[in-house]
Amino acid sequence: MAATRTGSRACEIFTTLEYGPVPESHACALAWLDTQDRHLGHYVNGRWLKPEHRSSVPCQDPITGENLASCLQAQTEDVAGAVEAARTSLENWSTQPGAFRAQHLTRLAKMIQKHQRLLWTLESLVTGRAIREVRDRDVPLAQQLLQHHAVQAHTQEEALAGWEPLGVIGLILPPTFCFLEMMWRICPALAVGCTVVVLVPPASPTPLLVAQLAGELGQFPGILNVISGPASLGPVLASQPGVQKVAFCGAIEDGRALRRALAGQGPELGLALGAESLLLLMETADVDSAVEGVVDAAWSDRSPGGLRLLIQESVWDETMRRLQARMGRLRGGRGLDGAVDMGARGAAARDLAQRYVREAQSQGAQVFQAGSMPPDSPFFPASLISDLPPASPCTQAEVPWPLVVASPFRTAKEALAVANWTPRGGSASVWSERLGQALELAYGLQMGTVWINAHGLRDPAVPTGGCKESGSSWHGGPDGLYEYLRPSGTPTCLPYLSENLNYDTFGLAVPSTLPAGPETGLSPAPPYGLFVGGRFQAPGARSSRPIRDSQGNLHGYVAEGGAKDIRGAVEAAHQAAPGWVGQSPGARAALLWALAAALQRRESTLVSRLERHGVELKVAKAEVELSVRRLRAWGARVQTQGCTLQVAGLKGPVLRLQEPLGVLAIVCPEEWPLLAFVSLLAPALAHGNTVVLVPSGACPIPALEVCQDMATLLPGGLVNVVTGDRDHLTRCLALHQDIQALWYFGSAQGSQFVEWASAGNLKPVWVNRGCPRAWDQDAEGAGPELGLRAARTKALWLPMGD
Amino acid sequence: MLAHQRGTELDLSWISKIQVNQPAVLRRAEQIQARRPVKKEWQAAWLLKAVTFIDLTTLSGDDTSSNIQRLCYKAKYPIREDLLKALNMHDKGITTAAVCVYPARVCDAVKALKAAGCDIPVASVATGFPAGQTHLKTRLEEIRLAVEDGASEVDVVINRTLVLTGQWEGSDFIKTSTGKETVNATFPVAIVMLRAIRDFFWKTGNKVGFKPAGGIRSAKDSLAWLSLIKEELGDEWLKPELFRIGASTLLADIERQIYHHVTGRYAAYHDLPMS
């Protein structure tokens, strides 16, 4: 017998039982690159575009440094061309029946299935990530996403009646995970009838390949266009006519810069920022399983970022020992090796991790590194950092991949405080075998996603997103669809940019108020105070502003609120928040209904106040009546919140919770002084928020009249109303770091300022861009949009098993 | 042949502190099977190693001296000589770890192995296998007789009545099951047992052995079991003193895989000797 394949090394391996390389051939990825002559352009309108005179960037294997291809860098006209293609195809695509779009998405899913090997080898080759993750997780997930959203498209006319597609969507992606992040966003966007222009970082060919696969379906070539270029083209993309929304996924500081750059540009901005995650390990946990959770969260190629690990003090030593033992068994290496846990993600990612570790060390932290890792430069070993001083800069900074920063805590209460003591709010897991404790922590965490006794599970049916500086956009689930929809009949977003708006001085100075002439009536009316903390207070500035009626006569004086009053109001709102959140929906509904009844009793006063401002008697009566109805309606809606999602392959439910935003600031419009005030207040309260409002500037008195009832009915601090110069108050609110969301209905300039200033804590903002709104129409004054904006979603995963 | 456990005071508080999260263990079990593929020369070497862990087993009511004899011969020569030669492994003394039979067949096995001129230990199942529901007196007598007949290892069925009521027993070696249950050696169960072995080692310094049995039929399965041990306990457990695989048909599949590795062809059943 001829020994055709013998192992000279078999002997040695027999003794050592070491692992060997399991190389995956990437010949098909190279062959695909060859079809483009190793020179990738943009894929627009179903064709490859390779415009002349563009600079190009090499696409390199992050591990060997080998040049794989060169990628063009887009310029403004390339972006314009892509948007034009998307806009042209929008008309046709968005008017197709949902069932038809569903079919098209299913065909794309099949197309991906046919070329999955090409997809996973290409993605692993260029990103350096372990092929096993791409092959066993990313590619199947991409197909599931298409399937799931095809079903959503199919039922769209029924399930999403009253909503219409936004239009052209601009999508800006980060380098390492651009394929999967793209799929999470294009699927819902295409499903509901939007068309997309994707801006990928240079040297990211996988999205281009997906676009080519979509293009080869023949029909609707322009619905998915991919251009490669630097992130600095983001504002250019946003400013193209027709772009209605920009979805950005990437680093927090880049998101902040984009938020500022896009103020006043018109399109909405959806941010998904940062990649850090959190793991809470209680003493009652299955520690070994939790250690696997840490591996999934930070030391594998499924995790985009690093991990903050909070360990209960009583199991600290035991956990650290297990973690270190487990780290020793991690294998790093070339991503195309099938037996590798962690690949390498290029020099930038490595340097980031290196810098963090060095800095942590210099601040006195302990760093433990282990695992079999090739020693040469692109690789960075799994690292476990402990004893980091609480006040050191590293504690504040985002933890990069593949780092874990461990710190101890004593009690569950302390764990929650430490976990929430961060500007980020992405995802977290809780490990505890005590059900009550686990749920208490899961509900208390300010995060977009919480897993109980698991980490990193994803599913197309479950919304993924965040809060605080992690951005407040969503992908997946019902929330992912609303990102690309607007209530039918809403006008399209147009730029309302005012070039000469000075952000430094907008609303900075308050015009001084002087006596406004003869007071009428027997005894002079006392000035209305500020309604803060449940009672009327004198403003910090100790001055009042006159309010004139429609005849130009003095109607009364209201308080001139300022920065200190806003501060006080926000503090009062924060103090009231825990009590209000803890109220049952029934109790919240009862209070809203009680307020409605009080409004009814006060009808004659309110009507006369409105009449003095030139509102006809009939209209004034209708306004009061409608306001009462709004309070009742939101009181009734408060009962129906949250739902259970069923996920394929997971035993146990996923809860989609609707949680309050926190302190919500509302700058009410000038028009409909009572109705708009109530229409905005009611959904905010119904969803458990505490509120700071600035009423109509010209006619604040009806709102202040309502405050007299609120003073007796509502807990102090739940609603706070501050009158004064609207621009000044808007400035104070928009720049306040501890306000969780801001709704602004006022001037175009004010809207632009609010968008710009919100970059500070990245609070979600809703601005009217200077356009009036039909508050008396149910669609605009009480539509589901208000409910969606008044709450934030949290996905809570509850895997079960005995 | 095994050094006896020094033994420790039974401390039930250890057991009461143990937490196992089933869905998380299931996920780990799924991952571990996909994360460590072994190919080419590595696969061949690992498979040969797996052979040395096998307790080559026959536990049938109709076992007779003739099929026991065949089994023992296979234990001594588990892989065709020319295949081993091609791998340059023919002089490594590769045999299975033991043969495992019913107590009444221990004599036959000892005789057959002696005739084949080798010192492979004979393991006997005992104590009312597989249910263990017999009196303590007969159980002890059964062990004594098996040892008398020449068995050097005894797989004892523990009294599960006691375990289920919280009265645990100690052991040198733990086995996933008798192999005769509806569910036998599964990864999730093994993960929990291996973690217990490691914790016990960390606490006392004593190494307890591990033997999955039942349902391990393919070469691929055996590789997954090896990598499971390597990942959860480390290389120090990958030796016959601490790890065994109870199996009857596994060896045939391993031999076929080795044949394929050496020749590049898939073997017909009759290309390889029967066991």
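For the structure itself, consult the block above.
Since the model is a prediction, treat every value here as computed from it, not as a measurement.

Undergrad: Before we move on, can you summarise the sheet that holds strand β13 (residues 307-312) of chain A with the specific residues and values?
TA: Residue and element names in this part refer to chain A. Reading across from one edge, β14-β15-β16-β13-β12-β18-β19-β35-β29-β28 is the order of the ten strands in this open sheet, with mixed pairing throughout. Only two strands of the sheet have a single neighbouring strand rather than two, namely β14 (366-370) and β28 (643-645). With strand direction ignored, the average angle separating the axes of adjacent strands in the sheet is 25°. Sheet topology note: the strand β12 (residues 277-281)/β13 ladder contains five bridges and is parallel. Of the residues in β13, the one forming a bridge with Ser-277 is Leu-307. Most of the contacts of helix α12 (residues 287-298) go to β12, to which it runs at about 175°, and overall it touches β12, β13, β16 (403-409) and β18 (427-431). Across the sheet, helix α13 (residues 316-327) touches β12, β13, β14, β15 (382-386) and β16, and the angle it forms with β15 is around 160°.

Undergrad: Just give me the short version of the interface of chain B and chain A, but keep the residues and values in it.
TA: Taken together, the contacts link 49 residues of chain B with 50 residues of chain A. Among the residues chain B hides against chain A, the three largest losses belong to Arg-35, Trp-42 and Trp-202 of chain B. Together they make up 17% of the total. At the junction of chain B and chain A, the tally comes to five salt bridges. The partner of Glu-292 of chain A in a salt bridge is Arg-28 of chain B, and the shortest N-O contact between them spans 3.2 Å.

Undergrad: I'd like to hear about empty space enclosed by the protein, residue by residue, with values.
TA: Counted by the stated rule, this structure contains nine cavities of 30 Å³ or more. Considering only enclosed or pocket space, the largest cavity measures out at about 70 Å³ in volume. Lining the largest cavity are Ser-289, Glu-292, Gly-293, Asp-296, Trp-431, Ala-454 and His-455 of chain A together with Ala-24, Arg-27, Arg-28 and Gln-31 of chain B. Among the residues making up the lining of the largest cavity, the classes are represented as three nonpolar, four polar and four charged. One number sums up the size of the second largest cavity: a volume of about 60 Å³. What lines the second largest cavity is simply Arg-545, Ile-547, Val-558, Val-694, Pro-695, Ser-696, Gly-697, Pro-700, Val-722, Thr-723 and Gly-724 of chain A.

Cut-offs applied
- Residues numbered from 1 in each chain as written.
- Chains lettered and ligands numbered in written order.
- Predicted model: local features only at pLDDT ≥ 70, side-chain atom pairs only at ≥ 80, totals over all residues.
- Heavy atoms only, no water.
- Pairing = 2+ DSSP bridges.
- Helix = DSSP H or I, 4+ residues; strand = E, 2+ residues; numbered from the N terminus.
- Axes fitted to C-alpha atoms, helices over the stretch in contact; angles between N-to-C directions.
- Contact = heavy atoms within 4.5 Å.
- Buried area = accessible area lost by both parts, 1.4 Å probe.
- Salt bridge = Lys/Arg side-chain N within 4 Å of Asp/Glu carboxyl O.
- 1 Å grid on protein atoms, 1.4 Å probe; cavity = no way out; pocket = protein on both sides within 12 Å on 5 of 7 lines; lining within 4 Å.
- Points joined across faces, edges and corners; volume = space filled by probe spheres on them.
- Nonpolar A, V, L, I, M, F, W, Y, C, P; charged D, E, K, R; others polar.

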